[in-house]
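# Report on the structure
Read off the chains here:
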Amino acid sequence: MMSLYRYDTTIGKEAKTVVIYSKEGLDTKVVPSNLASSSDRAGVHFVHVIDRSYSMTHYIKELIDNVKKCVDEMGKNDLLSIIWFSSSDICEVLIKGAKKGPELHDLLDSIASVKHLTCFSVPLKKVAECVQDLKAMCPNFMVTFFTDGQPVTDEWSTDQEYDRIRSALAEMPEEVIALNSVGYGYYNRELLQEISDSTPLGKTFHSHRISEYHEIFKHNQGRATGLTHRKVEFSCDDINARILYLSDRDSSLFLSNTATVSHWSPDKNFVVFVMNEGSTVTVDDKAYDIALLPDLRVSNFRD
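Axis angle and axis distance: for two packed helices, these are the angle between their axes and the distance between the axes, and together they describe the pair. Closest axis-to-axis distance for the helix α1 (residues 60–72)/helix α6 (residues 212–224) pair is 8 Å, and the angle between their directions is 30°. Relative to α6, α1 is oriented roughly parallel. Considering the relative orientation of α1 and α6, their crossing is right-handed. In this structure, α1 contributes Leu63, Asn66, Val67, Lys69 and Cys70 to the contact, and α6 contributes Tyr213, His214 and Phe217.

A few words on the sheet that holds strand β12 (residues 258–264). Read across the open sheet, the four strands follow the order β12-β9-β14-β15; overall the sheet is antiparallel. Looking at which strands have only one partner, the edges of the open sheet turn out to be β12 and β15 (286–289). Each neighbouring strand pair of the sheet contributes to a mean axis angle of 25°, computed without reference to strand direction. In terms of strand pairing, strand β9 (residues 228–236) meets β12 through six bridges, oriented antiparallel. Within the sheet, the bridge partner assigned to Val232 lies in β12 and is Val261.

Next up on the list: the nonpolar core. The biggest cluster of nonpolar side chains holds 34 residues, and the ones touching the most others in it are Ile50, Leu63, Ile82, Ile111 and Phe146. At six residues, α1 tops the list of elements feeding residues into this core. When residues no more than four places from it in sequence are discounted, the contact partners of Phe146 are Val49, Ile50, Asp51, Met56, Leu63, Phe85, Val182, Tyr184, Ile210 and Tyr213. Core analysis: the second largest hydrophobic core is formed by 29 residues, Val127, Val143, Ile165 and Leu191 among them.

Taken together, five strands build an open sheet; the order of strands is β1-β2-β13-β10-β11 and the sheet is antiparallel. What marks the edges here is a single partner per strand, and that holds for β1 (3–11) and β11 (251–254). Between one strand and the next, the sheet's axes are offset by a mean angle of 15°, whatever the strand orientation. Bridge count for strand β10 (residues 242–247) against β11 is four bridges, and the pairing is antiparallel. Directly across from Tyr245, in β11, lies its bridge partner Ser252.

About the thresholds
Residues numbered from 1 in each chain as written. Predicted model: local features only at pLDDT ≥ 70, side-chain atom pairs only at ≥ 80, totals over all residues. Heavy atoms only, no water. Axes fitted to C-alpha atoms, helices over the stretch in contact; angles between N-to-C directions. Helix = DSSP H or I, 4+ residues; strand = E, 2+ residues; numbered from the N terminus. Parallel < 35°, antiparallel > 145°, perpendicular 65-115°, else oblique. Left-handed = near helix turned anticlockwise from the far one by under 90°. Contact = heavy atoms within 4.5 Å. Pairing = 2+ DSSP bridges. Core = buried A, V, L, I, M, F, W, Y, C linked by side-chain atoms within 4.5 Å. Buried < 20%, exposed > 50% of the residue type's maximum accessible area, 1.4 Å probe, protein only.

In short, the description is geometric, and any link to function would need to be established separately.
In structure tokens:
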């Protein structure tokens with residue numbers, strides 16, 4: 001059951017009101033529980049997007065071996081899709097919505113070679129299409145996008161490629177928990193950050209070694225496991241308000257007075273509004289006068 005609480009405070013020299021949304025109540029000790037076993041937890045659809053451009057010549061075999069390790073750690077309720085990319089006309093969905101099995105290793109070995117240039121927009125569009133096609137089977141998707149370079153295409157300009165990338169990101173379904181990007185070597189950090197920022201829990205990682213791919217995946221697997229899909233929209237009529245989502249798994253700061261949270265931890269979740277006094281908070285089109293909310297002293301949030 002949803003609960004809203006408020007308290008007044010001072011930030012700097014400005015009087016502010018803080019409103020806290022909590023589904024689980026106000027036990028503010030956010031301690032993660034042990035992850036459910038792979039046999040009884042809800043599944044996650046893991047999508048690996050793999051760069052096979054020429055610059056991966058000396059690294060593609062090791063990367064594929066790391067992806068195989070990731071596959072081996074999937075739970076029995078998880079699904080797998082593999083998309084590889086190179087030039088704008090060289091991109092393929094190798095595996096789509098498969099369960100874990102030994103045959104996947106052979107399929108992955110079949111792409112342990114390199115092709116041509118580097119196009120991001122086409123594989124990102126294929127990710128969106130894959131999610132749309134398979135979200136009825138599993139509503140939670142975690143995407144890992146790996147590259148060691150920057151977009152270089154021979155069919156359109158770099159500016160057009162960036163526009164296509166942003167168009168593909170705008171079409172990414174809300175079922176994608178996180179579109180995590182992994183950069184290795186010489187890559188555009190700002191672009192990968194923009195790609196990851198397009199999803200609620202997406203993060204960008206710098207990989208010093210190819211072998212870190214598996215380690216990064218394990219970290220993100222823990223963040224995605226057990227989340228439930230439930231879209232809730234938040235807003236505040238104070239245009240200068242800021243909204244922060246906190247859980248035992250993750251956090252997201254929304255630099256605006258609106259926010260949408262679509263995936264929730266099974267343990268603890270909090271949405272915190274910081275706003276001017278006398279504002280109104282809206283949760284899923286229902287407005288709340290914060291002056292009428294239960295008052296909560298700041299001291300209640302200290303151990």
